[in-house]
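Okay, here's what each chain looks like letter by letter:
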Amino acid sequence: MSTKETSRRPKPNNGQGASTSRMSSTSSATTISGFSREYSTALVGTARDKAFGAAQAARDFLTPTTFPDWTAPLSHLESLTTVMFSPLAAHPVYQSESLAKALQLMQQQQRQRPSSSTSSSGSSAELVLHGTLQQAWPSSSELLKAEIPESNAPLSLFQGFAATYPSLANSTPNTPNKRSRNRRRKHGGSASSVADGETGRSLTQKIADREQKMKESNKLQKQKSSTANEINQINMQIEELVNKRKALESKWAKLEAKEQQLLLTIDALNGSIVAVEEGGENRDSDVASTKTGLQDEPDSEDEIYERGTCYKTLEGHADDVLCVDFNHPKGILVSSSMDGTVRAWDLHRNRCLGSLEGHTSLVRCMQLDNATLLTGSDDGSIKQWNLTDISPVPTPSSASSTAASAVSSGRSSPELSNDDNNNMLPVLNDCCTGNLEGHQAEVTALYSDQSTAVSGSNDKTMKQWDLETQQCVLTLDVMWASNSAGSGSSSSGWRSMKSLDQWSLDGISSYFEPSDFVGALQFWNFALASGTIDGKLRMWDLRTGQAHRTLPGHTGPITCLQFDEVHLVSGSTDKTVRIWDLRTGSVFDTLSFNSPVSSLQFDSGRIISSNATENIDIYNRTSFQHSNLQGHTAPVNSVRFRDTVLASGSSDGVVKLWAL
Amino acid sequence: MKNDVMPMAQEAEAPLSPAEVEVLRKQFVKEGEYVTVQTKFNYAWCLIRSTDRQQISQGIKLLTEIFHDSPERRRECLYYLAIGHYKIGNYSEARKFNRELLKHEPRNDQARDLDRRIDEKVSSEGAIGLAIIGGAVTVGAALLAAIVKRSRQ
């Protein structure tokens, strides 16, 4: 305050500044009456401020030291105001209308003033500056409309400031020297303590030291608590954001569900339209199949099916279905057939998506994990497919354009053309992502995890592949291993069994189909279990490539196996399924059937197996009871189940989905 | 309120050295987009304490942001905003903020002290303004009298 007083000059020089102030104050007084009543109070305040501002401007102008300061910052004041404006643009509080009108008026007054001397321009610039500065932050009336809650912070802002910068907070107005003196005293305290070492530290010195340390510890505590405060605030913000995200995710899920339902109804309507259009052209069998297909489609909206019933039949293959696999009850199912095709089906809409071309021979084994499919074929190659990009509405291939155009929506309908050639079936291109070559004969067994695959083939070897590089990293020679093992192990009871050599020389023909050398395999990390044509189960270590264990027991070629941490279940053409305890290596249980077992899968509750009859057997492991799934009209070749859905492929050319 | 929780208004008259201001500014800038309230306040407080109008107004702007963003700090911000406006000369605004603070905390010594200072300033400036106007009026009246006399003669 004192500085402003001293800058006053004697009266004569005040005249010019006074005239400006008088003009502004009188004209603002007239404008007050001119304005509407609503803004009058605010205007009085602003006018008074303007008057004070004018007085101060006059005073400031008269002090030569401050005047030059204003010319320089003029240029970057523009940028300052823009900087000020832009962050506040998002804030809802804004300058009041009255302020804006007052400012406009002010600027009009500036322009009307006749004198254009540097002083008035300087002061007018100042006044304009003052005005723009005032506009740069929201007025108090707007701000004060906001709620001012009780302050819960343990530490005030100033205390935090003082904690971080204690020297700056303790200063008094007019003595910067004192501040430095304080600082020097603090340093001097420690210095003098060293100096006093000779004379011995006096009591007062120690007390002073202690006080100093206490202050420091207080300061640290304050800093700690302010930081903890900030952390808490941020934690609360994070929680808020997480809750928001959850709400949005659930919203999205609901919208997605609605969309799915609508799509299903659209499909149903499409199907009925198509059926009406094409009704007269098809044969009776097709009509029957269409009707069953259509009848099943509205039912697919029902989530709950009766247990033990087939709720969907996927028709389309022209010949025996050899193997099936699916990744999710509402996802994609892949089936291979003796007609030479591999088809992908959309289980959500129960439609065939298309065929996967690439293999030149029958696909004997496959595995589908999420979106990657591995198929092993009689042509000795294993192909890798990526199914993520399959569109739900398949586009017809170029060859079938004329046929497809008859269907209004342009989608192919396999239900209508199950005996048709592949022209109606869209070809899913660009799915094959890799080819594992190396086997010299048919690939008959396959298993993979995220990065590795192991395949067994009729060339009497099993190969381990690295899926990223698509190279074979290990070849296991089953013959060599069996011979070396057979010479050492006590195989007294097995002389009736033909040796592997004799099996292979025998021109392998058995009752049903040629038996595969390696019927089945599965691995987990480095432990591989294989079932071979001699009925023996072998455990291999993939790190060494050696078979360290053999489980004899089956009397016929093994066709399927699966193991978990405790048990290994294997099925063979000797019409039995054996459950082995892996810890002891002995048979835990044997299930007998009437015909060779072709495929099996188990989980903790049941073992589902298929054999050469048309029925699928479900064995409940806790109740030791068998139950049947009937529906197929030919021997079932492959079964796969996940959660509560079982898929089965049989020689009647259809894939059936069952609710478990 | 104790003196260490809120500073007295006269502490706002003591500016910091440019080096110190620079230190605080660097800390403020360093924290970037997610600057903490404490850092912002530190910088704003040192700006308000300066004698440069521009810096004071920048400090006011920062405090307004704190006011807007952190509801729990609003009460303190009222005080500092009042000081800022008081230093710049917006006495009506300063008074509004201070009155609001006194509404919530009537026993706040610092707020009452600030109120007293604002009143002093207002009256003194009013006196100055009146003095200027009065002087101008007398000069104008003297001129008029001289002109009239001359015209009569």
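Residues numbered from 1 in each chain as written. Chains lettered and ligands numbered in written order. Predicted model: local features only at pLDDT ≥ 70, side-chain atom pairs only at ≥ 80, totals over all residues. Heavy atoms only, no water.

Colleague: Pulling in residues and values, what's your account of the overall build of chain B?
Modeller: Within chain B, the regular secondary structure consists of six helices and zero strands. Every one of the 153 residues in chain B was classed for burial, and the buried ones make up 56%. At a minimum sequence separation of 6, the contacts of chain B that also span at least 24 residues come to 56%. When the accessible surface of chain B is summed, it comes to about 6,800 Å², and 59% of that surface belongs to carbon and sulfur atoms. (Helix = DSSP H or I, 4+ residues; strand = E, 2+ residues; numbered from the N terminus. Buried < 20%, exposed > 50% of the residue type's maximum accessible area, 1.4 Å probe, protein only. Contact = heavy atoms within 4.5 Å. Areas by Shrake-Rupley, 256 points an atom, 1.4 Å probe, with all protein chains shown as cover.)

Colleague: Tell me about the confidence of the model for chain B, residues and numbers included.
Modeller: Taken residue by residue, chain B gives an average pLDDT of 87. The fraction at 70 or more is 98%. Listed scores for the predicted complex are pTM 0.43 and ipTM 0.74. (pLDDT = per-residue confidence, 0-100.)

Colleague: I'd like a description of the nonpolar core, backed by residues and values.
Modeller: Judged by nonpolar contacts, the single largest core of 49 residues is most densely connected at B:Phe41 and B:Leu63. Contributing elements (two or more residues each) for this core: helix H7 (140–144) and helix H8 (157–164) of chain A together with helix H1 (18–31), helix H2 (37–48), helix H3 (53–69), helix H4 (74–88), helix H5 (91–104) and helix H6 (109–152) of chain B. At nine residues, H4(B) tops the list of elements feeding residues into this core. Here B:Leu63 is in contact with B:Phe41, B:Ala44, B:Ile48, B:Cys77, B:Tyr80 and B:Leu81, once residues within four sequence places are set aside. Residues A:Leu474, A:Leu476, A:Met479 and A:Phe517 belong to the second largest nonpolar core, which totals 16 residues. (Core = buried A, V, L, I, M, F, W, Y, C linked by side-chain atoms within 4.5 Å.)

Colleague: Please provide a residue-by-residue account of the packing of H8(A) against H2(B), values included.
Modeller: Contact geometry of H8(A) with H2(B) gives a least axis separation of 9 Å together with a crossing angle of 80°. When the interaxial angle is binned, H8(A) and H2(B) end up roughly perpendicular. Contact residues: A:Leu157, A:Phe158, A:Gly160, A:Phe161 and A:Thr164 in H8(A); B:Val37, B:Gln38, B:Phe41, B:Asn42 and B:Trp45 in H2(B). Among the residues forming the contact of H8(A) with H2(B), the class breakdown is six nonpolar, four polar and no charged. (Axes fitted to C-alpha atoms, helices over the stretch in contact; angles between N-to-C directions. Parallel < 35°, antiparallel > 145°, perpendicular 65-115°, else oblique. Nonpolar A, V, L, I, M, F, W, Y, C, P; charged D, E, K, R; others polar.)

Colleague: Quick rundown of the packing of aromatic side chains? Include the residues and the values.
Modeller: All names here are of chain B. For the coordinates displayed, the defined rule picks out ten aromatic pairs over all chains. Arranged with centres 5.0 Å apart and planes meeting at 25°, the rings of phenylalanine 28 and tyrosine 43 form a pair that is stacked. On the criterion of sequence distance, the pair formed by phenylalanine 28 in helix H1 and tyrosine 43 in helix H2 is long-range, its members being 15 residues apart. Here phenylalanine 28 matches tyrosine 43 in class, with each residue buried. Aromatic pair tryptophan 45 and tyrosine 80: ring centres 5.3 Å apart, planes at 70°, arrangement edge-to-face. Taken together, the positions of tryptophan 45 in helix H2 and tyrosine 80 in helix H4 put the pair 35 residues apart, joining distant regions of the chain. In this structure, tryptophan 45 and tyrosine 80 share a single accessibility class: buried. Positioned above the aromatic ring of phenylalanine 67, the side-chain terminus of arginine 74 is 5.3 Å from the ring centre. (Phe/Tyr/Trp six-rings, centres within 6.5 Å; stacked < 30°, edge-to-face > 60°. Lys NZ or Arg CZ within 6 Å of the ring centre and 35° of its normal.)

Colleague: Report on the UniProt feature "repeat: WD" (unreviewed entry) in chain A, specifying residues and quantitative values.
Modeller: Mapped onto this numbering, the UniProt entry annotates "repeat: WD" (unreviewed entry) at residues 314–355, 356–395, 436–475, 528–550, 551–590 and 629–660 of chain A. The span residues 629–660 of chain A carries 0% helix and 62% strand; its end-to-end C-alpha distance comes to 10 Å. (UniProt positions renumbered as here; feature names shortened; annotations may be inferred.)

Colleague: Describe the sheet that holds strand S5 (residues 351–355) of chain A, with residues and values.
Modeller: All names here are of chain A. Taken together, four strands build an open sheet; the order of strands is S2-S3-S4-S5 and the sheet is antiparallel. With partners counted over all chains shown, the strands left at the sheet margins are strand S2 (321–326) and S5, one partner each. Recorded for the sheet is a direction-independent mean angle of 25° between the axes of neighbouring strands. Two elements, strand S3 (residues 332–337) and strand S4 (residues 342–346), share five bridges in a ladder whose sense is antiparallel. By the bridge assignment for S4, isoleucine 332 is matched with aspartate 346. (Pairing = 2+ DSSP bridges.)

Colleague: Lay out the sheet that holds strand S1 (residues 309–315) of chain A in plain terms, naming residues and giving numbers.
Modeller: Residue and element names in this part refer to chain A. Reading across from one edge, S1-S28-S27-S26 is the order of the four strands in this open sheet, with antiparallel pairing throughout. The open sheet terminates on both sides in strands that have one partner only, identified here as S1 and strand S26 (636–642). Across the sheet, the mean angle separating the axes of adjacent strands is 20° when strand polarity is ignored. Examined bridge by bridge, strand S27 (residues 645–650) and strand S28 (residues 654–659) share five bridges and lie antiparallel to one another.

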